[in-house]
Amino acid sequence: MKVKLLRVTEDGVDLVAETAKVSGSLSEQSAEEILGLITENDYSSVLEHISFTFDISEISVALSRELLEHRVGVSHTARSTRYNEEEGFGYFVPDELSKKQNFNANLAFTAAMRNAKESYKKLRRLGVAREQARYVLPLALHTHYVVTMNARSLINFFMLRLCVRAAPEMQALAKRLHEICVAEYPDIFSRVGCRGVSWGVCPENEVRPAGCPFKECVPTKSEVKAKMKNQK
Ligand SMILES: Cc1cc2nc3c(=O)[nH]c(=O)nc-3n(C[C@H](O)[C@H](O)[C@H](O)COP(=O)(O)OP(=O)(O)OC[C@H]3O[C@@H](n4cnc5c(N)ncnc54)[C@H](O)[C@@H]3O)c2cc1C
């Protein structure tokens, strides 16, 4: 997976503060104080004025489909399998199918990729158009993606995709994007994590996995609700 930041809004903290001041309050506070108020109290609509464009390559088509699930404040552009030859395609190898973790599973997976390549090539040799031949391509196929997201939609993305329940390839991408966002705008992104970390309460309830690193310090929503019920 390769991730590159193509563009980011410059002077975003000042822009957000100027924008927030339009509402009529907040005239006395500094830009940093206003940003603190916005991020802490989740007055997030003004964060939509900051946007990031990422170039993401060597990710699977499966991951690109999951990216597309993010609909609001997000612009997507993907490599076309209609206009590009895919004869020598690269592919994503999931951890459990790696040689290191499972030699036999890796053999089966590698054979499937080889068959897909051979079938694609054969169809092309038979004169089948790319847009038809592409139906034999696997979900693991590497693709190239450009995505633009505003800071508010990125926060929503991180809350969902930094969660240990997200698919491993998606978690890896979310971590990379999060690192970039923290480096650009630490005051907005450094306290953002999965929903449990961001909110202090985890909505995953009973499906929260045993491996969740925040299990001890972040309660689930149902635990908090049970406490609230007891207080009535
Ligand atoms: C662990 C995990 C498992 C998942 N499993 C599946 C699965 O099995 N199948 C599947 O299809 N998806 C699955 N998803 C994707 C998930 O359902 C969301 O589509 C995806 O995470 C995008 O989130 P979103 O809707 O918040 O983002 P966006 O589309 O960017 O929307 C942002 C916010 O805008 C609001 N919004 C957006 N669209 C509407 C609307 N039409 N009406 C009202 N409000 C709206 C919501 O408040 C939403 O949170 C999974 C996601 C995760 C993290």
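Please refer to the structure placed before this passage.
The structure contained in this document is the topic of the report that follows. Just so it is clear, the structure is predicted and the values come from calculations on it, not from any experiment.

Reading the values: rules and limits
Residues numbered from 1 in each chain as written. Predicted model: local features only at pLDDT ≥ 70, side-chain atom pairs only at ≥ 80, totals over all residues. Near = placed C-beta within 6 Å. Helix = DSSP H or I, 4+ residues; strand = E, 2+ residues; numbered from the N terminus. Nonpolar A, V, L, I, M, F, W, Y, C, P; charged D, E, K, R; others polar. Buried ≥ 20, exposed ≤ 12 C-beta atoms within 10 Å, placed from the backbone. Pairing = 2+ DSSP bridges. Axes fitted to C-alpha atoms, helices over the stretch in contact; angles between N-to-C directions. Contact = placed C-beta atoms within 7 Å. Core = buried A, V, L, I, M, F, W, Y, C linked by C-beta atoms within 7 Å.

Below, the discussion takes up the site of the ligand. Around the ligand sit Glu69, His70, Arg71, Val72, Val74, Ser153, Asn156, Leu160, Arg161, Arg165 and Ala166, and that is every residue in its neighbourhood. Of the residues forming the shell around the ligand, the biggest block, four residues, is contributed by helix α6 (residues 151-161). The residue makeup of the shell around the ligand, split by class, is four nonpolar, three polar and four charged.

By the secondary structure assignment, Lys227 is in helix α10 (residues 221-231). By C-beta crowding, Lys227 is classed as exposed, having 10 other C-beta atoms within 10 Å. When the C-alpha atoms of Lys227 and Phe189 are compared, they prove to be 30 Å apart, with 38 residues separating the residues in sequence.

Another aspect to go through is the sheet that holds strand β4 (residues 142-150). With antiparallel pairing, four strands are arranged side by side in an open sheet as β1-β2-β4-β3. Of all the strands in the sheet, the pair left with one neighbour each is β1 (2-8) and β3 (74-78). Between one strand axis and the next, the sheet turns through 20° on average, direction left out of account. Two strands pair when backbone bridges link them, and strand β2 (residues 51-60) and β4 are joined in this way by nine bridges, in the antiparallel orientation. Bridge pairing in β4 places Asp55 opposite Val146. Running over the sheet, helix α7 (residues 168-184) touches β1 and β2 and is turned about 150° from β2.

This part takes up the nonpolar core. Counting 35 residues, the largest nonpolar core has Val16, Ile38, Leu47, Leu154, Phe158, Leu173 and Ala174 as the members making the most contacts within it. Ignoring any residue separated from it by four or fewer positions in sequence, one finds Leu154 in contact with Phe52, Met149 and Cys181.

Fair warning: the whole summary comes from geometry, so function is off the table for now.
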